[in-house]
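Okay, here's what each chain looks like letter by letter:
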Amino acid sequence: MTGSVRAAYKRTSGHRYLAWAGVSQAVNAGTNLLVTLQLARALPVRDFAAVALGLALLALAVAGLRGYSFEPAVVHGDLSRTSAQRMLADAALTGLGVGVTIVIVVLALGGPTATASILAVGAVCAVVQDGARWVLISLSRWQLAAGLDLLWLATQLIVLGIAWGSATGAALSWTVGAIASALAGGVAVRRLTSAGLSSPPRRVWHWGLEYLIASGSLQLAILVAPITGGVELAGVLRGAASLLGAASVLLGAAQQVVVTRLRAVMDNAALRMLGVRIGVLLGGLVAVACLPFLLIGDSLGGQLLGETWPLTRAILPILALQRIATAVAAGPAFVLRKKLGQTSGVWWRAGITAAALFAVLVGSSSGSAVGAALPLACGAVVSIPIWMTLLRRATPESTPIPPHAADVDPLHQEGRPVQ
């Protein structure tokens, strides 16, 4: 490894940042896993599947907003109090739209109205809280960002201890935690950002679309599988995704650490080496993290997921492969955030995801959970060589990366306007 590559990699790896990001992501995933498990135990299979569809919409909205607004602000932005408040306003509007949609979807499927209404309120606060976390991350306040998630979990556990055993209680505990965390995040952002407008928050349309497709591929499968295979498949896919939440924790932590340290990487060779190393490292870590969940016995599985467990067990190895392949491809995807105008990835993702979702529709038609999950794993594996190729083409030779020249996609030289 050259000296420049080694220096860039050391600056970007940031063990201290990774530790706090890991805590934040682990606790965040824990709050979501806790409400999912409680809802799975308390609701009939069909009702749980209806709620799972609504929560899938929340995950899609958060993924798209992270790419469109939050991440560009961290990598290339310069946040003031005014621009940070604009980000949180965008988050609130997005969350409100998601909340209304959750209620509509659950009502249309005949699901539990009270539970859906409570989760809708929580959805608004969850998106705002995520925006506040990213602002704090951009200010290098990693401990505070993790503190928001810890506050959410603590509040959720307190309320859950009072209202244990019912779906309404599970939803209420998650929502109260989201409210507390969002309020604390808003206060922290206001106190830590400086007054005045230095620059408006960046918004990058193709990052948002790419995240919506990539991070939301499993959520999209949860939405489309019931079309041909029945609404129960949504609950099965949701349950398996929740059990493999450790993979999402690692990916989320690595994403935050890498993109917030990309400012220090000014050499194409360093950027390419960093992408490959992160991909390999993440793939290995995710494989290790998924292994214990593949060894869960029927007794424990039934206690965790109730009636959903038998079908969930069959697709756990398939979705584990999907998570591992996604992690390997994430290395190049993360570091290419240095190139604002790099739009090639979103079109490749769109094509692969569209093909995979069509295959999910076909595979689900027999009511098979395996048929619904297998196309997701295949799509993730295929994406690895594509992202490695995009990384190689975007980082020619050992040349510096000018601050503004990075806004042009080397595969589409005309570039795209960035709002």
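Let us look at the structure shown here.

About the thresholds
Residues numbered from 1 in each chain as written. Predicted model: local features only at pLDDT ≥ 70, side-chain atom pairs only at ≥ 80, totals over all residues. Heavy atoms only, no water. Helix = DSSP H or I, 4+ residues; strand = E, 2+ residues; numbered from the N terminus. Buried < 20%, exposed > 50% of the residue type's maximum accessible area, 1.4 Å probe, protein only. Contact = heavy atoms within 4.5 Å. Areas by Shrake-Rupley, 256 points an atom, 1.4 Å probe, with all protein chains shown as cover. Expected span 1.5 Å × (residues − 1). Core = buried A, V, L, I, M, F, W, Y, C linked by side-chain atoms within 4.5 Å. Salt bridge = Lys/Arg side-chain N within 4 Å of Asp/Glu carboxyl O. Phe/Tyr/Trp six-rings, centres within 6.5 Å; stacked < 30°, edge-to-face > 60°. Axes fitted to C-alpha atoms, helices over the stretch in contact; angles between N-to-C directions. Parallel < 35°, antiparallel > 145°, perpendicular 65-115°, else oblique. Left-handed = near helix turned anticlockwise from the far one by under 90°. Nonpolar A, V, L, I, M, F, W, Y, C, P; charged D, E, K, R; others polar. Polar contact = N/O pair within 3.5 Å; in protein donor to acceptor, adjacent residues only side chain to side chain.

Further remarks concern the overall build of the protein. Within the protein one finds 16 helices and zero strands. Relative to its full complement of 419 residues, the protein shows a buried share of 54%. Partitioning the intrachain contacts of the protein with sequence separation of at least 6 by distance along the chain shows that 85% fall at a separation of at least 24. Summed over all atoms, the accessible surface of the protein reaches about 16,100 Å², with 68% contributed by carbon and sulfur.

A few words on helix H6 (residues 142-162). When the terminal C-alpha atoms of H6 are compared, their 31 Å separation across 21 residues agrees well with the 30 Å that a helix rising 1.5 Å per residue should span. For H6, the set of buried residues is Trp142, Ala145, Ala146, Leu148, Asp149, Trp152, Thr155, Gln156, Val159 and Leu160.

Residues Leu39, Leu58, Leu237, Leu282, Ile315, Leu319 and Val335 are the most contacted members of the largest nonpolar core, which totals 113 residues. When residues of this core are assigned to their parent elements, the largest contribution, 14 residues, is made by helix H3 (residues 45-76).

A separate point is the environment of Leu150. Position of Leu150 among the secondary structure elements: in helix H6. In this structure, the C-alpha to C-alpha distance between Leu150 and Asn28, residues 122 residues apart in sequence, is 8.0 Å.

It is worth spelling out helix H5 (residues 113-138) at this point. Between the first and last C-alpha of H5 there are 38 Å, a value that for 26 residues agrees with the 38 Å anticipated at 1.5 Å per step. Burial of H5 is extensive: 20 of the 26 residues sit out of reach of the surface. The positive-phi residue at the C-terminal boundary of H5 is Ser140, with phi of around 60 degrees.

A few words on the pattern of salt bridges. This model, assessed by the stated rule, comprises four salt bridges. One salt bridge connects Asp130 with Arg66, and the closest N-O pair in it is separated by 2.8 Å. With Asp130 in helix H5 and Arg66 in helix H3, this residue pair connects regions lying 64 residues apart in the sequence. Residue classification places Asp130 among the buried positions, given a relative accessible area of 3%. Put simply, Arg66, Asp130, Arg133 and Asp149 are held in one network by salt bridges that share partners.

Attention shifts here to the environment of Phe70. Looking at the element boundaries, Phe70 is found in helix H3. Taking the C-alpha atoms as reference points, Phe70 and Gly208, 138 residues apart in sequence, are found 9.4 Å from one another. Setting aside residues up to four positions removed in sequence, Phe70 forms contacts with Leu65, Met87, Ala91, Val127, Asp130, Gly131 and Trp134.

According to the stated counting rule, one finds one aromatic pair in the structure shown. Judged by centre distance (5.7 Å) and plane angle (55 degrees), the rings of Trp152 and Trp174 are tilted. Highlighted residues: Trp152 in helix H6 and Trp174 in helix H7 (residues 167-192), separated in sequence by 22 residues. With relative accessibility at 2%, the residue Trp152 sits in the buried group. Its relative accessible area of 2% is what places Trp174 among the buried residues.

In this section: the packing of H6 against H7. Following both chains from N to C, one finds H6 and H7 inclined at 150 degrees, their axes separated by 8 Å at the closest point. What the angle tells us is that H6 and H7 run roughly antiparallel. When the axes of H6 and H7 are compared, the crossing they make is right-handed. Its residues assigned to classes, the contact of H6 with H7 shows 14 nonpolar, seven polar and one charged.

With that settled, consider the environment of Trp309. Position of Trp309 relative to the elements: it lies in helix H14 (residues 309-335). Residues Trp309 and Asp298, eleven residues apart in the sequence, show an inter-C-alpha distance of 7.8 Å. Dropping the residues within four chain positions of it, Trp309 is found in contact with Leu243, Ile296, Gly297, Asp298, Gly301, Gly302 and Leu316. Within polar-contact distance, the side chain of Trp309 engages the side chain of Asp298 at 3.2 Å.

All right, on to the side chain of Lys339 then. By the secondary structure assignment, Lys339 is in the loop between H14 and helix H15 (344-364). Within the structure, Lys339 has its side chain in polar contact with the side chain of Asn268 (distance 3.0 Å).

Moving on: the packing of helix H4 (residues 81-108) against H5. At a minimum axis separation of 8 Å, H4 and H5 run at an interaxial angle of 160 degrees. With respect to their mutual orientation, H4 and H5 come out roughly antiparallel. As H4 runs across H5, the sense of the crossing is right-handed. Of the residues that constitute the contact of H4 with H5, the class distribution is 19 nonpolar, six polar and no charged.

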